[in-house]
Amino acid sequence: MRFENDTVFITGAGSGIGRATALKVAREGAFVVATDINEDGGRETVDAVEDAGGDAAFHELDVTDADEFKAVVETAADEYGLDAMINNAGVGHPPAYTEDVTETTFEYVLDVNLRGVWNGCQAALPHLKSQGEGAIVNVGSLASFLGLPKQAVYSLTKGAVLNLTRAIASEAGRDGVRANAVCPGFIETPLGDQFFQSKRDPEKAKAETEKQYPLGRLGEPEEVADAIAFLASDEASFVSGHGLVVDGGFSVS
Ligand code: NAI
């Protein structure tokens with residue numbers, strides 16, 4: 001089992017990709033520290049992991065709070081260890097032209113998607129470096145590579161997440177720490193669905209988007225979890241600074 005005796009810390013583990021990742025790595029032997037701002041969702045994930053025969057603990061955590069993040073990581077690392085940090089928590093925003101984006105939306109999306117990942121890296125790095133090995137996987141997006149229309153704030157945060165990942169890969173490699181990003185296309189999660197719900201005809205918008213994907217469908221959270229698990233595992237021992245696109249071929253079609 002790839003994660004035997006490993007502890008994997010996941011943010012935004014109460015839903016979607018974070019939950020699928022918790023289940024994936026737990027099935028492969030990891031102890032999961034499942035964190036989320038949403039306590040109910042996080043506890044449901046822990047229940048699902050335990051039902052699947054795995055082991056996990058929930059810690060409530062708002063990733064935008066640097067002090068809280070450091071405290072939760074420290075407590076978890078002392079109690080269970082820390083081998084991989086998955087900075088997955090993220091939010092979207094309603095489609096809007098750049099000039100129409102409100103200050104509130106700008107600050108909120110930057111706070112969660114960028115500061116949240118930054119806080120996670122800052123909190124995890126001292127532990128991973130001091131033990132001389134470890135992996136960080138940040139969840140970017142296709143928007144890490146593309147400038148999506150009416151998604152300027154989301155695109156700017158996800159582009160920054162990828163470049164932050166590269167910077168960490170180049171500075172922490174000598175301490176045995178790898179950093180990578182997973183960059184998904186449209187995935188069937190509450191966040192993905194939010195986008196379609198913002199359209200006049202959500203069903204039609206979804207069907208049109210599916211048609212744009214070479215595989216004729218959107219992705220499943222489990223398909224992103226597989227990529228995250230690969231990058232967090234020793235199978236990716238010489239992969240660092242990479243942005244792994246998981247988009248069913250959308251970006252090359
Ligand atoms: P989701 O909405 O299903 O799950 C996100 C989780 O993050 C939720 O449990 C939520 O409570 C948590 N969260 C939100 N704000 C938080 C905060 N301040 N502190 C801690 N937790 C917080 O979304 P999904 O789709 O699973 O998204 C996971 C990641 O994947 C995000 O970073 C998202 O940007 C990224 N992504 C998703 C895509 C999609 O189509 N679903 C496509 C590309 C990237």
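Cut-offs used in this document
Residues numbered from 1 in each chain as written. Predicted model: local features only at pLDDT ≥ 70, side-chain atom pairs only at ≥ 80, totals over all residues. Heavy atoms only, no water. UniProt positions renumbered as here; feature names shortened; annotations may be inferred. Phe/Tyr/Trp six-rings, centres within 6.5 Å; stacked < 30°, edge-to-face > 60°. Helix = DSSP H or I, 4+ residues; strand = E, 2+ residues; numbered from the N terminus. Buried < 20%, exposed > 50% of the residue type's maximum accessible area, 1.4 Å probe, protein only. Pairing = 2+ DSSP bridges. Axes fitted to C-alpha atoms, helices over the stretch in contact; angles between N-to-C directions. Contact = heavy atoms within 4.5 Å. Parallel < 35°, antiparallel > 145°, perpendicular 65-115°, else oblique. Left-handed = near helix turned anticlockwise from the far one by under 90°. Nonpolar A, V, L, I, M, F, W, Y, C, P; charged D, E, K, R; others polar.

Per an unreviewed UniProt entry, the protein goes by the name Probable oxidoreductase (Short-chain dehydrogenase family) and belongs to Natronomonas pharaonis. The UniProt entry for the protein carries the following text under Sequence similarities (unreviewed entry): "Belongs to the short-chain dehydrogenases/reductases (SDR) family."

Enquirer: Just to check I follow, could you spell out the packing of aromatic side chains for this structure?
Expert: Applying the stated criterion across every chain, the model contains six aromatic pairs. Ring centres of Phe186 and Phe196 lie 4.8 Å apart, and the angle between their planes is 25°; this geometry places the pair in the stacked category. With Phe186 in the loop between β6 (177-184) and α6 (190-197) and Phe196 in helix α6, this pair connects stretches of sequence that are 10 residues apart. Among the residues examined, Phe196 registers a relative accessible area of 2% and is labelled buried. Put simply, the rings of Phe186, Phe195 and Phe196 pair up and form one aromatic cluster.

Enquirer: Would you explain the sheet that holds strand β3 (residues 55-60) in this entry?
Expert: One key point about sheets: their strands pair by backbone hydrogen bonds, in either a parallel or an antiparallel sense. Ordered by their spatial adjacency, seven strands build an open sheet running β3-β2-β1-β4-β5-β6-β7, and the pairing between neighbours is parallel. Of all the strands in the sheet, the pair left with one neighbour each is β3 and β7 (243-246). Shown here is a sheet whose adjacent strand axes are inclined to one another by a mean of 20°, direction ignored. In the sheet, strand β4 (residues 84-87) pairs with strand β5 (residues 134-139) via four bridges, with the strands oriented parallel. Bridge assignment links Ala84 to a residue of β5, and that residue is Ala135. Helix-sheet contacts for helix α1 (residues 16-27) involve β1 (7-10), β2 (31-36) and β6, and the interaxial angle to β1 is about 175°.

Enquirer: Could you clarify how one ought to interpret the packing of α1 against helix α8 (residues 221-232) in this entry?
Expert: The angle between the axes and the distance between the axes are what describe a pair of packed helices. Running from amino to carboxyl end, α1 crosses α8 at an angle of 55°, the nearest separation of the two axes being 8 Å. Considering the angle they form, α1 stands oblique to α8. Between α1 and α8 lies a crossing whose hand is right-handed. Along its contact with α1, which presents Gly16, Ile17, Ala20, Thr21, Lys24 and Val25, the element α8 presents Pro221, Glu222, Val224, Ala225, Asp226, Ile228 and Ala229. A per-class count over the contact of α1 with α8 returns eight nonpolar, two polar and three charged.

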